[in-house]
Amino acid sequence: MISEVCFPGDRRVWKFGGGALALLLLVMLVYLAVPRQAFTGSNSVAARDAIVVVGSGQRFCAFGQRIPAGTGRIQFSFDTREASTPTVALTVRSKRFGLSRGKLEASATQGLRKAAVAIPTTAAAPSSALATICVKPIGGTIFVWGRSQVPGNEVPPLLDGAPVNGRPAFWFLPPSSASQSSILSQLPEVFTRASLFRPGVIGPWSYWLLLLLVFPLLAYGCLRLLANAESQLRRHIPLVLWIGLITFVHAGAWAIITPAFQTPDEPEHYAYAEYFAQTGKSVERVPEKLALYSSDEVVGLEETLTLSIIERGDVKAPWLAEQQQAWQKRNDAKPSPAKDNGGGFHPATSTHTPAYYALLTPAYTATESSSVFTRLTAMRLTSALMGALTAMFTFLLVLEFFAGQRAFAVAGGLFVGLQPMFGFISGGVNNDDGVNALCALLVLLVVRALKRGLTWRLSVGIGLTLAAAPLMKGTAYALYPAVAIALFAYLIKRHSLRDISRFAGIAAGFAAVFLAWRYASPLLDRPTFTTPGGGTPGVGFGATSEPLAYLSWMWQNLFPFKLPFMTDFTLVKWPLYEIYVHRGFGAFGWYAIYFQEWVYVVILAVLGALGLLAARLAWVRRSALSVYWPESLFVLLVPICVIFGVGAAYFTLVGLPLDGIGEQGRYGFTAISAAAVIGVAGCLGAGKRRSLPLAAVLVGALLGLVLASWMLVLSSYYT
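Residues numbered from 1 in each chain as written. Predicted model: local features only at pLDDT ≥ 70, side-chain atom pairs only at ≥ 80, totals over all residues. Heavy atoms only, no water.

Trainee: Looking at this model, I keep getting lost on the overall build of the protein. Mind explaining?
Mentor: Per the secondary structure count, the protein includes 27 helices and 16 strands. Taking 719 residues into account, the globule formula puts the C-alpha radius of gyration at 27 Å, and the protein, at 27 Å, falls close to it. In terms of its C-alpha atoms, the protein occupies a principal-axis envelope of roughly 85 × 65 × 60 Å. In the protein, buried positions account for 56% of the 719 residues. A separation of at least 24 residues holds for 81% of the contacts in the protein among residues at least 6 apart in sequence. Carbon together with sulfur atoms contributes 65% to the accessible area of the protein, which is approximately 29,500 Å² in total. (Helix = DSSP H or I, 4+ residues; strand = E, 2+ residues; numbered from the N terminus. Rg over C-alpha atoms; globule rule 2.2 N^0.38 Å. Buried < 20%, exposed > 50% of the residue type's maximum accessible area, 1.4 Å probe, protein only. Contact = heavy atoms within 4.5 Å. Areas by Shrake-Rupley, 256 points an atom, 1.4 Å probe, with all protein chains shown as cover.)

Shown next, in the form of structure tokens:
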């Protein structure tokens, strides 16, 4: 009786979904319990490249380094090129800790290495102290690694008294006897550290609440929603709103887990939103006279060392209370740092319209008198609402495709709402969130028109959304070919005068938005089109002028081998796997924090299996497919067009073969609703008895991946 009350609905969902979640939780628990290298802190500088050459007998000193209590070793990165490692003397001088000395003995080791030099263990109190760290090689040369450029709030290091424009990367470790510690045992400290540089309402308790209450309720709610989707015809709260709430909670959790400004291009997107809220203007299209960030944001960026942390997974975020106090002191200075003196050019924002940023203005205005971190969080939560809309549109899309099968519509919505990278991006300030929602709406409207026929309301809605989506971000243009083919297919299937006349609604809706923007764009100093160069979409692309080379490029993106006659475009073995599996499912921070490789291999296998099962469903239901082929073709074309569109944007014949890739998995989220439909089709392709259990397993697995992603990010930044 109790089990029926607590776990109502289809028992298979609880059994298979709960089982998959329990298995992943067990794996994660083992991972968190394994002892690993412990740190007492770092100076939050990435080892990106060699910043200084230190010859034998020269002394390189970095000032103002905050040494945490309990530090017994200092690790730094250096390069010896082809030479052996010389003896390296290290000294640490602090008014509170006194003078400490350590030495790294000479060895035959060559090249880049990380070396930990033992020093006398610092005192347990105070919690940290400012110190000068000096490195002196004896009998050879070393190239010290770190980050070029010195922010305005730091003193530049010196090489034999001469300033160096760069900061060395230091990691602070406990003595060797206490070098190992599990993540599980460090959780209290992790949550305390994570609560720094947040809105005042956020504290260590917030993360305990997420772990012990929010996630269990999220998991229970997802499985209960799936188990009962078919059993209750009347509900006080519609299923689609539950899907939106679940997605918002997931993305909202990311908003307080991810350190400030640590989603892709977030400092620049925040700067645009702030400048628009303060002035009503767009940021510069070309470099002119404005600063990129406002003075207020600069203080936040400098004290969180944001630009020193991004794009590296082995760098610790600032986690000492003294570091937040240093920000507070600068923030409280009179006059207060200005908020309206940013607006400068940056490639990540220079071509974008203010459409997305205007949606963030209410959140910014409501928190304007609060700290930069409160405003950032409020804007992140606004973006989370856009993520919720995307999942809700996906639910409705699946229901349109598989009429009456509410359980699978719930599954489709959850496939989007629980996708880890989608939640991560939706919990940040990024105009991807706006374009994702409008693209999901566009796909829904087109499928509804293909299935039910065009009404005036639908046709105008398609036109409006088709024109508005690129105003959020130009990546929406990739859907245009799929929409054009879908509308042509519509005319093949429905070509009465009445149906053809409804196309006037699409044209009218599109023209209304396009002409309004064309008139407004000069006033906002923006081009008519939101392509990178501001030109007409599809015109001037290398892909159109070199079609054969572009097809070769795409082949090498899609497949892990090239044909004998092809030019070698890339040194990356399989770009598609890197872009849409690695970066599409688990590349957090600024594409810096990853799972272990086996996780992505499993994800790839699941995606491949779902694709094959979806093909099986198409074969089994081929008679129905002959009737509903336009909408089926359209949903298949959406992700294909997005992949080929992203490939066209990055296509180049310069500097081949390329060592690395620029494409990012988040660009594929404009097709995430269509991808969810294919995923649901894969579940149904498993057969009537297996389809719901398979959907439940996938939802349970995604829930486990969500929690694993949260813990991965927290432990990477704060242990």
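Trainee: For this particular structure, what's the right way to read the confidence of the model for the protein?
Mentor: Mean pLDDT for the protein: 92, with 98% of residues reaching 70 or above. Across the protein, the element-wise mean pLDDT spans from 74 in helix 1 (residues 2-6) up to 98 in helix 13 (residues 420-426). (pLDDT = per-residue confidence, 0-100.)

Trainee: What exactly am I supposed to notice about the nonpolar core here?
Mentor: Formed by 178 residues in total, the largest nonpolar core has its most connected members in Phe634 and Leu703. Considering each element in turn, this core owes the most residues, 18 residues, to helix 27 (residues 688-718). When sequence neighbours within four positions are dropped, the list of residues in contact with Phe634 reads Val443, Val446, Val447, Leu450, Ala482, Val483 and Ala486. One finds Val52, Val54, Phe60 and Phe170 within the second-largest nonpolar core, a separate group that totals 27 residues. (Core = buried A, V, L, I, M, F, W, Y, C linked by side-chain atoms within 4.5 Å.)

Trainee: Can you walk me through the sheet that holds strand 7 (residues 98-104) in this structure?
Mentor: Sheet strands pair via backbone hydrogen bonds, and the direction of the pair is either parallel or antiparallel. Taken in spatial order, the 6 strands make up an open sheet running 7-6-9-4-11-12, and their pairing is antiparallel. Only two strands of the sheet have a single neighbouring strand rather than two, namely strand 7 and strand 12 (162-163). Inspection of the sheet shows strand 4 (residues 60-68) paired to strand 11 (residues 158-159) by 2 bridges, in the antiparallel sense. Bridge pairing in strand 11 places Cys61 opposite Leu158. (Pairing = 2+ DSSP bridges.)

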